[in-house]
Amino acid sequence: MTKNIAVIEGDGIGIEITAEAVRVLKKIESKYNHTFNFHYVEMGGCAIDKYGTALPDFSLDVCRKADAVLLGAVGGPKWDDPTAKVRPEQGLLALRAGLECFANIRPAKVYKPLADASPLKASIIGGGFDIIVVRELTGGIYFGESGRDEKGAFDTERYSMEEVERIARVAFKIAGGRRRVLHSVDKANVLESSRLWRETVARVSKEYPGIEVINMLVDNAAMQLVRNPSQFDVILTSNMFGDILSDEASQITGSIGMLASASVGGKTGLYEPIHGSAPDIAGKNIANPIAAILSAAMMLDMSFGMKEEANAIDRAVNSVLSDGYRTADIAGEGVAAVSTSEMGKMICERI
Ligand code: IPM
Ligand code: MG
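In this text the structure is predicted, and so the values were computed from the model without any measurement. (Residues numbered from 1 in each chain as written. Chains lettered and ligands numbered in written order. Predicted model: local features only at pLDDT ≥ 70, side-chain atom pairs only at ≥ 80, totals over all residues. Heavy atoms only, no water.)

K.L.:
How should I be thinking about empty space enclosed by the protein in this particular structure?
P.N.:
Empty space among the atoms can be located by rolling a probe the size of a water molecule over them. One pass over the structure, following the stated rule, counts two cavities of 30 Å³ or more. For the largest cavity, the calculated volume is near 50 Å³. For the largest cavity, the full set of lining residues is Glu157, Tyr159, Val185, Asp186, Ser193, Ser194, Trp197, Ser238 and Phe241. Elements that contribute at least two residues to the lining of the largest cavity include exactly β8 (181–186) and α7 (192–205). With three residues, α7 is the single largest residue contributor to the lining of the largest cavity. (1 Å grid on protein atoms, 1.4 Å probe; cavity = no way out; pocket = protein on both sides within 12 Å on 5 of 7 lines; lining within 4 Å. Points joined across faces, edges and corners; volume = space filled by probe spheres on them. Helix = DSSP H or I, 4+ residues; strand = E, 2+ residues; numbered from the N terminus.)

Below you can see the structure in the form of C-alpha coordinates.
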(Lines give C-alpha, C1' and ligand atoms only; values in the text may rest on other atoms or scores of the structure.)
(Ligands and ions follow the chains in the order given, each with its own letter.)
Protein backbone atom coordinates (compact mmCIF):
# COMPACT_ATOMS: atom_id res chain seq x y z
CA MET A 1 0.00 0.00 0.00
CA THR A 2 1.06 3.59 -0.57
CA LYS A 3 0.26 6.04 2.21
CA ASN A 4 0.95 9.72 2.78
CA ILE A 5 1.87 10.50 6.35
CA ALA A 6 2.06 14.06 7.65
CA VAL A 7 4.76 14.22 10.32
CA ILE A 8 4.75 16.94 12.95
CA GLU A 9 7.86 16.73 15.07
CA GLY A 10 6.91 19.81 17.08
CA ASP A 11 9.15 20.99 19.90
CA GLY A 12 11.46 19.61 22.59
CA ILE A 13 11.77 15.83 22.62
CA GLY A 14 9.09 15.71 19.92
CA ILE A 15 11.91 15.89 17.40
CA GLU A 16 13.94 12.95 18.75
CA ILE A 17 11.08 10.59 19.46
CA THR A 18 9.39 11.23 16.13
CA ALA A 19 12.64 10.39 14.37
CA GLU A 20 12.52 6.94 16.00
CA ALA A 21 8.88 6.43 15.09
CA VAL A 22 9.75 7.26 11.47
CA ARG A 23 12.71 4.87 11.64
CA VAL A 24 10.32 2.11 12.70
CA LEU A 25 7.84 3.01 9.96
CA LYS A 26 10.64 2.79 7.39
CA LYS A 27 11.46 -0.67 8.66
CA ILE A 28 7.80 -1.68 8.27
CA GLU A 29 7.81 -0.14 4.80
CA SER A 30 10.66 -2.31 3.59
CA LYS A 31 9.69 -5.46 5.44
CA TYR A 32 6.04 -5.46 4.35
CA ASN A 33 6.47 -3.85 0.98
CA HIS A 34 4.60 -0.61 1.52
CA THR A 35 5.41 2.91 0.42
CA PHE A 36 5.15 5.61 3.03
CA ASN A 37 5.61 9.19 1.89
CA PHE A 38 6.52 11.42 4.81
CA HIS A 39 5.47 15.06 4.62
CA TYR A 40 7.09 17.15 7.37
CA VAL A 41 4.85 19.86 8.77
CA GLU A 42 5.61 22.63 11.25
CA MET A 43 3.37 23.22 14.24
CA GLY A 44 3.74 24.51 17.81
CA GLY A 45 6.48 26.74 19.19
CA CYS A 46 8.70 26.27 16.15
CA ALA A 47 5.87 27.51 13.92
CA ILE A 48 5.23 30.50 16.20
CA ASP A 49 8.89 31.51 15.88
CA LYS A 50 8.82 31.23 12.13
CA TYR A 51 5.30 32.27 11.13
CA GLY A 52 3.81 33.93 14.22
CA THR A 53 1.09 31.28 14.48
CA ALA A 54 1.09 27.80 16.03
CA LEU A 55 -0.64 26.14 13.08
CA PRO A 56 -0.24 27.93 9.75
CA ASP A 57 -2.98 27.21 7.20
CA PHE A 58 -0.58 25.41 4.89
CA SER A 59 0.41 23.04 7.72
CA LEU A 60 -3.22 22.15 8.38
CA ASP A 61 -3.74 21.72 4.68
CA VAL A 62 -0.97 19.12 4.37
CA CYS A 63 -2.42 17.26 7.37
CA ARG A 64 -5.93 17.30 5.93
CA LYS A 65 -4.73 15.83 2.65
CA ALA A 66 -2.61 13.12 4.28
CA ASP A 67 -3.81 9.61 5.07
CA ALA A 68 -2.77 10.08 8.70
CA VAL A 69 -0.87 12.48 10.92
CA LEU A 70 1.94 11.48 13.24
CA LEU A 71 2.69 14.04 15.93
CA GLY A 72 5.55 14.30 18.45
CA ALA A 73 4.82 16.99 21.04
CA VAL A 74 4.55 20.76 21.17
CA GLY A 75 5.42 23.49 23.65
CA GLY A 76 8.26 24.62 25.86
CA PRO A 77 9.31 27.29 28.34
CA LYS A 78 10.10 29.76 25.58
CA TRP A 79 6.40 29.98 24.69
CA ASP A 80 5.00 29.39 28.16
CA ASP A 81 3.74 32.87 29.04
CA PRO A 82 0.06 32.19 29.87
CA THR A 83 -0.89 35.72 28.84
CA ALA A 84 0.66 35.37 25.38
CA LYS A 85 -1.77 35.73 22.49
CA VAL A 86 -0.17 32.90 20.52
CA ARG A 87 0.61 29.62 22.26
CA PRO A 88 1.81 26.23 20.98
CA GLU A 89 -1.24 24.43 22.44
CA GLN A 90 -3.48 26.47 20.14
CA GLY A 91 -1.89 24.60 17.27
CA LEU A 92 -2.86 21.27 18.78
CA LEU A 93 -6.45 22.31 19.44
CA ALA A 94 -6.79 23.83 15.97
CA LEU A 95 -5.39 20.65 14.43
CA ARG A 96 -7.82 18.42 16.35
CA ALA A 97 -10.72 20.64 15.37
CA GLY A 98 -9.47 21.09 11.80
CA LEU A 99 -9.22 17.32 11.30
CA GLU A 100 -12.55 16.80 13.09
CA CYS A 101 -10.94 14.21 15.32
CA PHE A 102 -13.65 14.09 17.95
CA ALA A 103 -12.66 10.76 19.48
CA ASN A 104 -9.48 10.57 21.48
CA ILE A 105 -8.51 7.02 22.36
CA ARG A 106 -5.94 6.69 25.13
CA PRO A 107 -4.99 3.19 26.15
CA ALA A 108 -3.18 2.91 29.48
CA LYS A 109 -1.82 -0.45 30.34
CA VAL A 110 0.92 -1.95 32.42
CA TYR A 111 3.45 -3.71 30.19
CA LYS A 112 4.33 -7.02 31.82
CA PRO A 113 8.10 -6.43 31.86
CA LEU A 114 7.41 -3.08 33.56
CA ALA A 115 5.00 -4.37 36.19
CA ASP A 116 7.15 -2.89 38.96
CA ALA A 117 6.97 0.60 37.51
CA SER A 118 3.50 1.36 38.89
CA PRO A 119 3.57 3.61 41.95
CA LEU A 120 0.60 1.62 43.31
CA LYS A 121 1.19 -1.26 45.71
CA ALA A 122 1.19 -4.76 44.26
CA SER A 123 -1.89 -5.53 46.35
CA ILE A 124 -3.80 -2.83 44.44
CA ILE A 125 -2.38 -3.18 40.93
CA GLY A 126 -2.21 -6.97 41.27
CA GLY A 127 -5.47 -7.37 39.38
CA GLY A 128 -3.70 -5.86 36.36
CA PHE A 129 -4.36 -2.60 34.61
CA ASP A 130 -5.33 -2.29 30.98
CA ILE A 131 -7.86 0.39 30.21
CA ILE A 132 -8.87 2.69 27.40
CA VAL A 133 -9.97 6.24 28.03
CA VAL A 134 -12.30 7.47 25.29
CA ARG A 135 -12.20 11.23 25.55
CA GLU A 136 -14.43 13.60 23.60
CA LEU A 137 -11.92 15.88 21.91
CA THR A 138 -13.50 18.67 19.91
CA GLY A 139 -16.26 19.94 22.19
CA GLY A 140 -16.97 20.95 25.76
CA ILE A 141 -15.19 23.63 27.72
CA TYR A 142 -12.12 23.52 25.47
CA PHE A 143 -14.12 24.92 22.60
CA GLY A 144 -17.01 26.71 24.35
CA GLU A 145 -17.44 30.44 24.53
CA SER A 146 -14.90 32.09 26.81
CA GLY A 147 -13.90 35.58 27.72
CA ARG A 148 -13.27 38.25 30.29
CA ASP A 149 -15.15 41.20 31.64
CA GLU A 150 -14.36 43.82 34.31
CA LYS A 151 -15.30 41.37 37.06
CA GLY A 152 -13.60 38.18 35.93
CA ALA A 153 -13.39 35.48 33.28
CA PHE A 154 -15.52 32.59 32.04
CA ASP A 155 -15.36 29.37 30.02
CA THR A 156 -18.41 27.46 28.85
CA GLU A 157 -19.07 23.74 28.89
CA ARG A 158 -21.60 22.99 26.17
CA TYR A 159 -22.39 19.65 24.54
CA SER A 160 -24.91 18.90 21.85
CA MET A 161 -26.74 15.56 21.88
CA GLU A 162 -25.09 14.71 18.60
CA GLU A 163 -21.62 15.27 20.01
CA VAL A 164 -22.35 12.97 22.93
CA GLU A 165 -24.01 10.34 20.75
CA ARG A 166 -21.10 10.01 18.35
CA ILE A 167 -18.43 9.73 21.04
CA ALA A 168 -20.61 7.30 23.00
CA ARG A 169 -20.87 5.06 19.93
CA VAL A 170 -17.09 4.97 19.61
CA ALA A 171 -16.81 3.93 23.26
CA PHE A 172 -19.55 1.28 23.00
CA LYS A 173 -17.86 -0.24 19.96
CA ILE A 174 -14.54 -0.45 21.76
CA ALA A 175 -16.19 -1.86 24.88
CA GLY A 176 -17.94 -4.46 22.72
CA GLY A 177 -14.57 -5.89 21.72
CA ARG A 178 -13.30 -5.98 25.30
CA ARG A 179 -14.86 -6.66 28.72
CA ARG A 180 -18.24 -5.19 27.72
CA VAL A 181 -18.30 -2.77 30.65
CA LEU A 182 -18.38 0.94 30.01
CA HIS A 183 -17.82 3.52 32.72
CA SER A 184 -19.31 6.82 31.66
CA VAL A 185 -17.80 9.56 33.78
CA ASP A 186 -19.53 12.89 34.37
CA LYS A 187 -20.53 15.38 37.05
CA ALA A 188 -24.28 14.96 36.71
CA ASN A 189 -24.93 15.91 40.33
CA VAL A 190 -23.88 19.46 39.48
CA LEU A 191 -23.65 20.13 35.75
CA GLU A 192 -26.55 20.34 33.31
CA SER A 193 -24.26 19.35 30.44
CA SER A 194 -23.41 16.19 32.40
CA ARG A 195 -27.09 15.36 32.86
CA LEU A 196 -27.52 15.59 29.10
CA TRP A 197 -24.41 13.43 28.74
CA ARG A 198 -25.86 10.75 31.03
CA GLU A 199 -29.30 10.72 29.34
CA THR A 200 -27.71 10.52 25.92
CA VAL A 201 -25.38 7.68 26.87
CA ALA A 202 -28.38 5.80 28.29
CA ARG A 203 -30.23 6.24 25.01
CA VAL A 204 -27.28 5.16 22.87
CA SER A 205 -26.75 2.14 25.13
CA LYS A 206 -29.99 0.64 23.74
CA GLU A 207 -28.14 0.17 20.43
CA TYR A 208 -25.58 -1.95 22.24
CA PRO A 209 -27.40 -4.54 24.34
CA GLY A 210 -25.10 -6.66 26.45
CA ILE A 211 -22.76 -3.83 27.29
CA GLU A 212 -23.10 -2.74 30.88
CA VAL A 213 -23.01 1.00 31.52
CA ILE A 214 -21.82 2.25 34.88
CA ASN A 215 -22.26 5.97 35.45
CA MET A 216 -19.66 7.42 37.75
CA LEU A 217 -19.10 10.93 39.02
CA VAL A 218 -15.72 12.27 38.06
CA ASP A 219 -14.46 12.87 41.60
CA ASN A 220 -15.33 9.31 42.53
CA ALA A 221 -13.73 8.02 39.32
CA ALA A 222 -10.49 9.83 40.16
CA MET A 223 -10.51 8.11 43.54
CA GLN A 224 -11.55 4.67 42.26
CA LEU A 225 -8.73 4.72 39.70
CA VAL A 226 -6.14 4.57 42.45
CA ARG A 227 -8.25 2.57 44.89
CA ASN A 228 -9.27 -0.28 42.61
CA PRO A 229 -8.01 0.33 39.06
CA SER A 230 -8.87 -3.10 37.67
CA GLN A 231 -12.62 -2.40 37.93
CA PHE A 232 -12.25 -0.22 34.83
CA ASP A 233 -11.97 -1.33 31.23
CA VAL A 234 -13.29 1.46 29.00
CA ILE A 235 -13.90 4.97 30.34
CA LEU A 236 -16.06 7.33 28.30
CA THR A 237 -15.87 10.98 29.22
CA SER A 238 -15.82 14.61 28.18
CA ASN A 239 -12.90 16.61 26.88
CA MET A 240 -11.90 18.17 30.20
CA PHE A 241 -12.49 15.15 32.44
CA GLY A 242 -10.74 12.94 29.89
CA ASP A 243 -7.71 15.21 29.89
CA ILE A 244 -7.40 14.85 33.65
CA LEU A 245 -8.28 11.17 34.03
CA SER A 246 -5.99 10.07 31.20
CA ASP A 247 -3.02 11.69 32.94
CA GLU A 248 -4.00 9.92 36.14
CA ALA A 249 -4.37 6.60 34.32
CA SER A 250 -0.98 7.03 32.69
CA GLN A 251 0.70 7.43 36.06
CA ILE A 252 -0.85 4.20 37.28
CA THR A 253 1.17 2.42 34.61
CA GLY A 254 4.25 4.19 35.96
CA SER A 255 5.61 4.88 32.51
CA ILE A 256 4.08 7.85 30.76
CA GLY A 257 6.83 7.55 28.15
CA MET A 258 5.14 4.38 26.92
CA LEU A 259 1.61 5.53 26.22
CA ALA A 260 0.29 6.23 22.74
CA SER A 261 -2.96 7.78 21.59
CA ALA A 262 -5.17 8.05 18.57
CA SER A 263 -7.58 10.83 17.69
CA VAL A 264 -10.10 9.74 15.12
CA GLY A 265 -13.57 10.37 13.80
CA GLY A 266 -12.74 12.68 10.91
CA LYS A 267 -11.24 11.76 7.57
CA THR A 268 -7.66 11.83 8.81
CA GLY A 269 -6.51 10.26 12.08
CA LEU A 270 -4.01 11.93 14.38
CA TYR A 271 -1.56 9.83 16.38
CA GLU A 272 0.59 11.10 19.21
CA PRO A 273 2.19 10.06 22.48
CA ILE A 274 0.26 11.30 25.47
CA HIS A 275 3.34 12.84 27.06
CA GLY A 276 4.51 16.39 26.41
CA SER A 277 7.63 17.93 24.90
CA ALA A 278 9.74 17.49 28.09
CA PRO A 279 11.99 20.52 27.49
CA ASP A 280 14.20 19.59 30.46
CA ILE A 281 15.53 16.51 28.68
CA ALA A 282 15.20 17.69 25.08
CA GLY A 283 18.15 17.31 22.72
CA LYS A 284 19.97 14.85 24.99
CA ASN A 285 18.99 11.64 23.23
CA ILE A 286 17.62 10.19 26.48
CA ALA A 287 13.85 10.46 25.99
CA ASN A 288 11.74 7.32 25.67
CA PRO A 289 10.62 6.91 22.05
CA ILE A 290 8.26 4.01 22.77
CA ALA A 291 5.09 6.11 23.10
CA ALA A 292 5.82 7.66 19.71
CA ILE A 293 6.61 4.27 18.20
CA LEU A 294 3.41 2.75 19.60
CA SER A 295 1.49 5.75 18.25
CA ALA A 296 2.84 4.87 14.82
CA ALA A 297 1.63 1.31 15.43
CA MET A 298 -1.85 2.60 16.29
CA MET A 299 -1.78 4.58 13.05
CA LEU A 300 -0.97 1.47 11.03
CA ASP A 301 -3.77 -0.44 12.68
CA MET A 302 -6.52 2.17 12.85
CA SER A 303 -5.93 4.35 9.79
CA PHE A 304 -4.35 1.87 7.38
CA GLY A 305 -5.85 -1.44 8.53
CA MET A 306 -2.34 -2.91 8.84
CA LYS A 307 -2.98 -5.12 11.85
CA GLU A 308 -0.13 -7.50 11.30
CA GLU A 309 2.37 -4.67 10.93
CA ALA A 310 1.07 -2.99 14.09
CA ASN A 311 1.36 -6.26 15.99
CA ALA A 312 4.92 -6.70 14.76
CA ILE A 313 5.82 -3.36 16.36
CA ASP A 314 4.06 -4.29 19.58
CA ARG A 315 5.92 -7.59 19.76
CA ALA A 316 9.25 -5.90 19.06
CA VAL A 317 8.65 -3.41 21.88
CA ASN A 318 7.75 -6.22 24.27
CA SER A 319 10.79 -8.22 23.26
CA VAL A 320 13.20 -5.33 23.83
CA LEU A 321 11.64 -4.65 27.22
CA SER A 322 11.65 -8.33 28.20
CA ASP A 323 15.37 -8.41 27.52
CA GLY A 324 15.75 -5.66 30.09
CA TYR A 325 16.54 -2.68 27.85
CA ARG A 326 15.23 0.57 29.28
CA THR A 327 15.46 4.27 28.54
CA ALA A 328 16.28 6.44 31.56
CA ASP A 329 12.66 7.20 32.50
CA ILE A 330 11.86 3.53 33.11
CA ALA A 331 15.32 2.22 33.99
CA GLY A 332 15.02 2.33 37.77
CA GLU A 333 18.02 2.45 40.07
CA GLY A 334 21.21 0.68 39.07
CA VAL A 335 20.03 -0.18 35.54
CA ALA A 336 22.13 1.23 32.68
CA ALA A 337 19.81 3.10 30.35
CA VAL A 338 19.91 3.02 26.56
CA SER A 339 19.51 6.18 24.49
CA THR A 340 16.52 7.27 22.45
CA SER A 341 18.13 6.24 19.17
CA GLU A 342 19.46 2.94 20.54
CA MET A 343 15.97 2.04 21.70
CA GLY A 344 14.57 2.91 18.27
CA LYS A 345 17.21 0.84 16.50
CA MET A 346 16.70 -2.18 18.74
CA ILE A 347 12.98 -2.14 18.14
CA CYS A 348 13.63 -1.97 14.39
CA GLU A 349 15.98 -4.94 14.54
CA ARG A 350 13.30 -7.06 16.17
CA ILE A 351 10.57 -6.29 13.66
C1 IPM B 1 -3.39 16.60 26.15
C2 IPM B 1 -2.80 17.93 26.51
C3 IPM B 1 -3.54 19.01 25.76
C4 IPM B 1 -4.98 18.95 26.18
C5 IPM B 1 -2.98 20.42 25.97
C6 IPM B 1 -1.51 20.49 25.61
C7 IPM B 1 -3.76 21.45 25.22
O8 IPM B 1 -2.83 18.11 27.89
O9 IPM B 1 -3.35 16.24 24.95
O10 IPM B 1 -3.88 15.91 27.03
O11 IPM B 1 -5.36 19.49 27.22
O12 IPM B 1 -5.77 18.34 25.46
MG1 MG C 1 -3.51 16.41 28.94
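K.L.:
Could you clarify how one ought to interpret the environment of asparagine 285 in this entry?
P.N.:
Tracing the backbone through its elements, the reader meets asparagine 285 in the loop between β12 (269–273) and α10 (290–304). On the basis of relative accessible area, asparagine 285 is assigned to the partly exposed category, the value being 32%. Contact partners of asparagine 285, with chain neighbours within four places excluded, come to Glu16, Ser339, Thr340 and Ser341. In terms of polar contacts, asparagine 285 uses its side chain to reach the backbone amide nitrogen of serine 341, at 3.1 Å. (Buried < 20%, exposed > 50% of the residue type's maximum accessible area, 1.4 Å probe, protein only. Contact = heavy atoms within 4.5 Å. Polar contact = N/O pair within 3.5 Å; in protein donor to acceptor, adjacent residues only side chain to side chain.)

K.L.:
Can you help me understand the domain arrangement of the protein chain in this one?
P.N.:
A common way to express how large an interface is: the accessible area buried when the components associate. Assigned domains within the protein chain: domain 1 (1–102 + 257–351) and domain 2 (119–252). Relative placement of domain 1 and domain 2: their C-alpha centres are 25 Å apart. In this complex, domain 1 contributes eight residues to the contact, which on the side of domain 2 involves 11 residues. Area buried by domain 1 at its contact with domain 2 is led by Leu93, Arg96 and Phe102, which between them contribute 67% of it. Across the domain 1-domain 2 interface, the total number found is zero salt bridges. (Domains from an automatic or database assignment. Buried area = accessible area lost by both parts, 1.4 Å probe. Salt bridge = Lys/Arg side-chain N within 4 Å of Asp/Glu carboxyl O.)

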